[in-house]
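Structure at a glance
Here's the letter readout for the chains.
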Amino acid sequence: MNGPPAPLVEELSHLGYALMRLLLQRAKEVFAKEGLSLLQAEVLRLVREGVNAPSRLAEHLEVQPSQVSHLLASLEEAGFVERRLDSEDRRRVLLHLTPKGEEAQKRLKEAWLAAYSQHLARLNPEELLLFRDLLGKLTEVGRA
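Residues numbered from 1 in each chain as written. Predicted model: local features only at pLDDT ≥ 70, side-chain atom pairs only at ≥ 80, totals over all residues. Heavy atoms only, no water.

1. Re helix 1 (residues 6–32)
What counts here: Only runs of H or I of at least four residues qualify as helices and only runs of E of at least two qualify as strands under DSSP, and these elements are numbered from the N terminus. To estimate the expected span of a helix, subtract one from its residue number and multiply by 1.5 Å. Here the term buried applies to any residue with accessible area under 20% of the maximum for its type, exposed to any over 50%, and partly exposed to those in between, with areas from a 1.4 Å probe on protein chains only. In this analysis, two residues are considered to be in contact whenever any of their non-hydrogen atoms come within 4.5 Å of each other.
Along its 27 residues, helix 1 runs 39 Å from first to last C-alpha, staying within 8% of the 39 Å computed at 1.5 Å per residue. For helix 1, the full list of buried residues reads Leu23, Arg26, Ala27, Val30 and Phe31. Looking at the buried side of helix 1, the elements it contacts are helix 2 (38–48) and helix 5 (99–120).

Here's what the structure looks like:
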């Protein structure tokens, strides 16, 4: 097998996992301040980006449609999301953020970027650019 030495792979694996857990925990804390779970916040982000069909949300979130129904019901009850019949196909329901949902999504994004920025502040400008390039390279591999 070609590739980096196994001990280095193991070390990078542990560091990558630690970073993932750290950021996930931080995201939960940020979103909880808005009274939202990680999945609820992700639904708001996805709907804002145009993923407006419940079936597509399930695909993006990698969850069962019944879980999406529960997520949408809670977000609808809280006034963040509304379901509307598709004007082109009355059998379909499309999701839309309410003004309250738009504002919450904006606050969530700002809070998350501020929190993530705190972690990135440990890097100098050159390291930030290198980190960006390395993440880009690694995520390209994931798509190949």
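2. Some remarks on the environment of Val9
Turning to its location among the elements, Val9 is positioned in helix 1. Since its relative accessible area comes to 39%, Val9 is described here as partly exposed. Residues Val9 and Leu128, 119 residues apart in the sequence, show an inter-C-alpha distance of 22 Å.

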